[in-house]
Amino acid sequence: MGAQLRTADSICGPSTSHLGGPPELGMQEGGGSLPAGGASASVWSFFADYVAEPWRAGSHVVPDGFVGSSVEWTHGNSLVADPGGDAWWLLARYLDALGHVGADGVRRAELGGAHATLSPTDVAPFLHGHLRNAWLDDDGLHLLVYDNATHGPSPVVSRVVELVVDEAAGRWRPVWSLPDPLGRATGFLGDARRLPRGNTLVTWPPHREIVENTPDGAEVWHLSTSVAVWRATFTD
């Protein structure tokens, strides 16, 4: 099941935000349209179906701050298929929240953010981040998030964090993290991907680095690049 993610939701002008299709199930925020191939049918909308009206989620959410002629609300930046069924995990960066939305348009759960449904609800799982991986293991659903840690306590140190979700019990917990080994802050972008043999591939874009780390944090290899690389894919 394919998906598209567009991130230009506006709270000061006409806009749409929906999960829909055909030809594919896609998440779109903004006034544009899904790719050609058939008329889109809205399944779930931030503006119509979310539990709260749009609000300014942070001091940086200001007119023209990211998208021209708009105040961006969610900055939804990651859409990952749920390995357990016909649903999606959507990370809304500016809300510091991971939403679980079914293909039937039902909001099933939310991890983090002001409207969290999974406990603990008073602890931030990440502070501005990007979701890349979701997989099932014996202890539940695992989500791997690159945590920019924006607006965190000083000194800000970005990291990768792995979360386990038990939706039936209504809970989540962190099970692994990898702080930037040099104690740096990555204010934007960043990516982490779990590899088949258990290591993690991490990009640190502003620092122009791609690193593979073992579960105990040891460095397997390190590549310095001439440009900032957001996402990297490992091939054997």
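Bear in mind the structure is a predicted one, so any value in this text is a computation, not a measurement.

1. With respect to the overall build of the protein
The helix and strand inventory of the protein stands at 1 helix and 16 strands. Here the protein displays about 10700 Å² of accessible surface, and carbon together with sulfur accounts for 53% of that area.

2. Observations concerning the environment of Arg 93
Assignment of secondary structure puts Arg 93 in the loop between β6 (87-92) and β7 (97-102). When the C-alpha atoms of Arg 93 and Phe 126 are compared, they prove to be 9.4 Å apart, with 33 residues separating the residues in sequence. Ignoring sequence-local partners within four residues, the contact set of Arg 93 consists of Thr 74, His 75, Asn 77, His 128, Gly 129, His 130, Asn 148, Thr 150, Gly 187 and Phe 188. Polar side-chain contacts of Arg 93 include one of 2.6 Å to the side chain of Asn 148.

3. Re the sheet that holds strand β14 (residues 200-204)
Taken in spatial order, the 4 strands of this open sheet run β13-β14-β15-β16, and their pairing is antiparallel. Of all the strands in the sheet, the pair left with one neighbour each is β13 (191-194) and β16 (219-224). If you compare each strand with its neighbour and ignore which way they point, the axes differ by 15° on average. Here strand β15 (residues 209-213) pairs with β16 via 5 bridges, running antiparallel.

4. Overview of the pattern of salt bridges
All told, the structure shown has 8 salt bridges when counted by the stated rule. Notably, a salt bridge pairs Arg 194 with Glu 162, separated by 3.0 Å at the nearest N-O pair. Here Arg 194 is found in strand β13, whereas its partner Glu 162 is found in strand β11 (residues 159-166), with 32 residues between them in sequence. Of the two residues, Arg 194 and Glu 162, neither departs from the other in class, the shared state being buried. A cluster of three or more residues bridged by salt bridges with shared partners is formed by Asp 180, Arg 184 and Glu 209.

5. Focus on the pairing of strand β9 (residues 129-137)
Of all 9 residues that make up β9, 7 are buried, and the element is covered over most of its length. In the sheet, β9 pairs with strand β10 (residues 140-147) via 8 bridges, with the strands oriented antiparallel. Looking across to β10, one finds that His 130 is bridged to Tyr 146. Hairpin connection from β9 to β10: 2 residues lie between these consecutive antiparallel strands.

6. Here we look at the sheet that holds strand β12 (residues 171-179)
A sheet is described by the order of its strands in space; here 4 strands give the open sequence β9-β10-β11-β12, paired in antiparallel fashion. In this open sheet, the two strands that pair with only one neighbour each are β9 and β12. This sheet shows a mean twist of 20° between the axes of neighbouring strands, independent of strand direction.

7. Observations regarding the packing of aromatic side chains
Across all of its chains, the model carries 3 aromatic pairs by this definition. Relative to Trp 73, the ring of Trp 55 has its centre 5.6 Å away and its plane inclined at 70°; by these criteria the two rings are edge-to-face. A residue pair is termed long-range when its members are at least 10 positions apart, and Trp 55 in the loop between α1 (46-49) and β5 (76-81) and Trp 73 in the loop between α1 and β5 qualify at 18 residues. Chaining the aromatic ring pairs together yields one cluster made of Tyr 50, Trp 55 and Trp 73. Of note, Arg 194 hangs over the ring of Trp 176, and the distance from its end group to the ring centre comes to 5.1 Å.

8. Remarks on the nonpolar core
With 17 residues, the main nonpolar core has Trp 89, Leu 98, Leu 111, Leu 131, Leu 143, Val 145 and Val 165 as its most contacted residues. Looking at this core, the elements with two or more residues in it are β6, β8 (107-111), β9, β10 and β11. For Val 165, the residues in contact, after removing those within four places along its chain, are Trp 89, Leu 111, Leu 118, Gly 140, Leu 141, Leu 143, Arg 171 and Trp 172. Core analysis: the second largest hydrophobic core is formed by 12 residues, Trp 73, Trp 88, Leu 95 and Val 101 among them.

9. Observations regarding unusual backbone geometry
Cis geometry is found at the peptide bond from Ser 119 to Pro 120, where omega equals 0°. Tracing the chain through its elements places Pro 120 in the loop between β8 and β9. With phi around 50°, His 75 is a residue other than glycine that occupies positive phi space. The class for His 75 is buried, based on a relative accessible area of 10%. In this structure, Asp 96 takes a positive phi of about 50° despite not being glycine. Within the secondary structure, Asp 96 is located in the loop between β6 and β7.

Procedures and definitions
- Residues numbered from 1 in each chain as written.
- Predicted model: local features only at pLDDT ≥ 70, side-chain atom pairs only at ≥ 80, totals over all residues.
- Heavy atoms only, no water.
- Helix = DSSP H or I, 4+ residues; strand = E, 2+ residues; numbered from the N terminus.
- Areas by Shrake-Rupley, 256 points an atom, 1.4 Å probe, with all protein chains shown as cover.
- Contact = heavy atoms within 4.5 Å.
- Polar contact = N/O pair within 3.5 Å; in protein donor to acceptor, adjacent residues only side chain to side chain.
- Pairing = 2+ DSSP bridges.
- Axes fitted to C-alpha atoms, helices over the stretch in contact; angles between N-to-C directions.
- Salt bridge = Lys/Arg side-chain N within 4 Å of Asp/Glu carboxyl O.
- Buried < 20%, exposed > 50% of the residue type's maximum accessible area, 1.4 Å probe, protein only.
- Phe/Tyr/Trp six-rings, centres within 6.5 Å; stacked < 30°, edge-to-face > 60°.
- Lys NZ or Arg CZ within 6 Å of the ring centre and 35° of its normal.
- Core = buried A, V, L, I, M, F, W, Y, C linked by side-chain atoms within 4.5 Å.

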